[in-house]
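# Report on the structure
Take a look at the letters that make up each chain.
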Amino acid sequence: MAGGEVLPRERQVDAVQQDLGFRENLADLQEASLGIIALFAGAIAYLWFMWVVWPLVSRPRPSSAWIGVGLLVLSACLSHALRKRHLRLAAHLLVWSILGVVVCVMLTFPSPAPVYLFILPVVFAGVLLSASHFFLVAVGAIVLALSVGSWRLGVPVFSVDVALPACVIALVTVASWLSARNLHVALEWVWSGYERARRNEEIARERAGELQRALKALDEASHRLERINYMLALARDQADEARRLKQQFAQTISHELRTPLNLIVGFTELMTQSPEHYGEHLPPLYLRDLSIVHRNARHLQTLVNDVLDLARIEAVEMSLLP
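Residues numbered from 1 in each chain as written. Predicted model: local features only at pLDDT ≥ 70, side-chain atom pairs only at ≥ 80, totals over all residues. Heavy atoms only, no water.

### Quick word on the overall build of the protein chain
Looking only at helices and strands, the protein chain has seven helices and zero strands in total. Mapped in sequence order, the helices and strands of the protein chain form the string α-α-α-α-α-α-α. Going through the 322 residues of the protein chain one by one, you find that 28% of them count as buried. (Helix = DSSP H or I, 4+ residues; strand = E, 2+ residues; numbered from the N terminus. Buried < 20%, exposed > 50% of the residue type's maximum accessible area, 1.4 Å probe, protein only.)

Structure representation (structure tokens):
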């Protein structure tokens, strides 16, 4: 149709399932990464807490240090606890809390070095958040680095101590975005390859099932063919037995018929050709009837002899006399 080709329903369903599978795998990776980052943040919070508490007697720490360690501990614990049920909320909580913790570090240490810590929430956002939220975190980090750094260090915004870390954060943002993009592309490739392999495996399994069914049908057909051959062999044996019985019957009947026929032929021939043996000549009507009987008896005798010869030929018992 005009305006593009419409995918079949099956391909649309496969595309939706593939997208869902990719999102699920990406969520699993983000969940595992969030757990590791939360544990790392908890370890940093513990070290920072020990740094705050240990020299507390000799030199009290500023309130920003307490706020930072509390915020880091709270965000690490909550994000680690919520990562399985509310992954997106836990990721946002941890990333934005680390951003606030970096601000607290800048307020605690008035030097240009803590400004570079804004790289951490940017990198973590590239791993845990979507592209739009990642750029939002990066913009927030750059704005905070410029504003808080300029205010805390007491230098202009475009000075080297503030502008250089902001440029580094912007470069890290681009690098993190490219890395995350390449990671997503690689995951899509891997997942699409896995889906193709799984689909090919299902097709191969279906073809194997069809082949098994075809082999089973062939086995059944072979079994039926063997049974038919066995029945044909039985029928052939029965036919041979019937043919043998027919030959035996024909021979027996022929022999049984020849004896009375020979008697009839002999007596009728004697009565018609030698009537003087009976004391006087027979009437012409009797002679005519006897001749008819004699002729038909000879004809029947010829037929019986032919049947007997055919039976001998079928039984391969016919002898040839030169």
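### A closer look at the packing of helix α2 (residues 63-82) against helix α3 (residues 87-108)
Packing of α2 against α3 leaves a shortest axis separation of 9 Å and a crossing angle of 165 degrees. With respect to their mutual orientation, α2 and α3 come out roughly antiparallel. In this structure, α2 meets α3 at a crossing whose hand is left-handed. In this structure, α2 uses Ser64, Ala65, Ile67, Gly68, Leu71, Leu72, Ser75, Ala76, Leu78, Ser79 and Leu82 to contact α3, whose residues at the interface are Leu87, Leu89, Ala90, Leu93, Leu94, Ser97, Ile98, Gly100, Val101, Cys104, Leu107 and Thr108. Looking at the contact of α2 with α3, its residues break down into 16 nonpolar, seven polar and no charged. (Axes fitted to C-alpha atoms, helices over the stretch in contact; angles between N-to-C directions. Parallel < 35°, antiparallel > 145°, perpendicular 65-115°, else oblique. Left-handed = near helix turned anticlockwise from the far one by under 90°. Contact = heavy atoms within 4.5 Å. Nonpolar A, V, L, I, M, F, W, Y, C, P; charged D, E, K, R; others polar.)

### Focus on α2
With 20 residues, α2 should reach 28 Å at 1.5 Å per residue; the first-to-last C-alpha distance of 28 Å fits that figure. Among all positions in α2, only Ser64, Ala65, Gly68, Val69, Leu72, Ser75, Ala76, Ser79 and Leu82 are buried. (Expected span 1.5 Å × (residues − 1).)

### Regarding a nonpolar patch on the surface
A cluster of nonpolar residues, Phe40, Ile44, Tyr46, Leu47, Phe49, Met50 and Trp66, forms a patch on the protein surface that exposes about 690 Å² of accessible area. For the nonpolar patch, the element with the most residues is helix α1 (residues 9-53), which contributes six residues. Along the chain, the position of Phe40 falls in helix α1. Judged by its relative accessible area of 43%, Phe40 falls in the partly exposed class. (Patch = residues over 30% accessible without salt bridge, like charges linked within 9 Å, V, L, I, M, F, W, Y side chains within 5 Å. Areas by Shrake-Rupley, 256 points an atom, 1.4 Å probe, with all protein chains shown as cover. Salt bridge = Lys/Arg side-chain N within 4 Å of Asp/Glu carboxyl O.)

### Some points on the nonpolar core
Of all hydrophobic cores here, the largest spans 36 residues; its most connected members are Leu94, Val95, Phe118 and Ile169. Contributions of two or more residues to this core are made by α1, α2, α3, α4 (119-128), α5 (131-153) and α6 (160-273). Those residues in contact with Phe118 that sit more than four places away from it in its chain are Leu99, Val102, Val103, Met106, Ala141, Leu144, Ala145 and Ile169. (Core = buried A, V, L, I, M, F, W, Y, C linked by side-chain atoms within 4.5 Å.)

### Quick notes on the packing of α3 against α4
How two helices sit against one another is set out by the angle between their axes and by the gap between those axes. Two elements in contact, α3 and α4, have axes whose closest approach is 9 Å; the angle formed by their N-to-C orientations is 175 degrees. Taken together, α3 and α4 sit at an angle that is classed as roughly antiparallel. Of the residues in α4, those touching α3 at Ala91, Val95, Ile98, Leu99 and Val102 are Pro121, Phe124, Ala125 and Leu128. Across the contact of α3 with α4, the residue classes break down as nine nonpolar, no polar and no charged.

### A word on the pattern of salt bridges
Throughout the structure, instances matching the rule amount to four salt bridges. Linking Glu201 and Arg205 is a salt bridge whose minimum nitrogen-to-oxygen distance equals 3.0 Å. One end of the pair is Glu201 and the other is Arg205, both in helix α6 and four residues apart, which spans about a single turn. Residue classification places Glu201 among the partly exposed residues on the basis of a relative accessible area of 45%. A salt bridge links Arg288 to Asp289; its shortest N-O distance comes to 3.9 Å.

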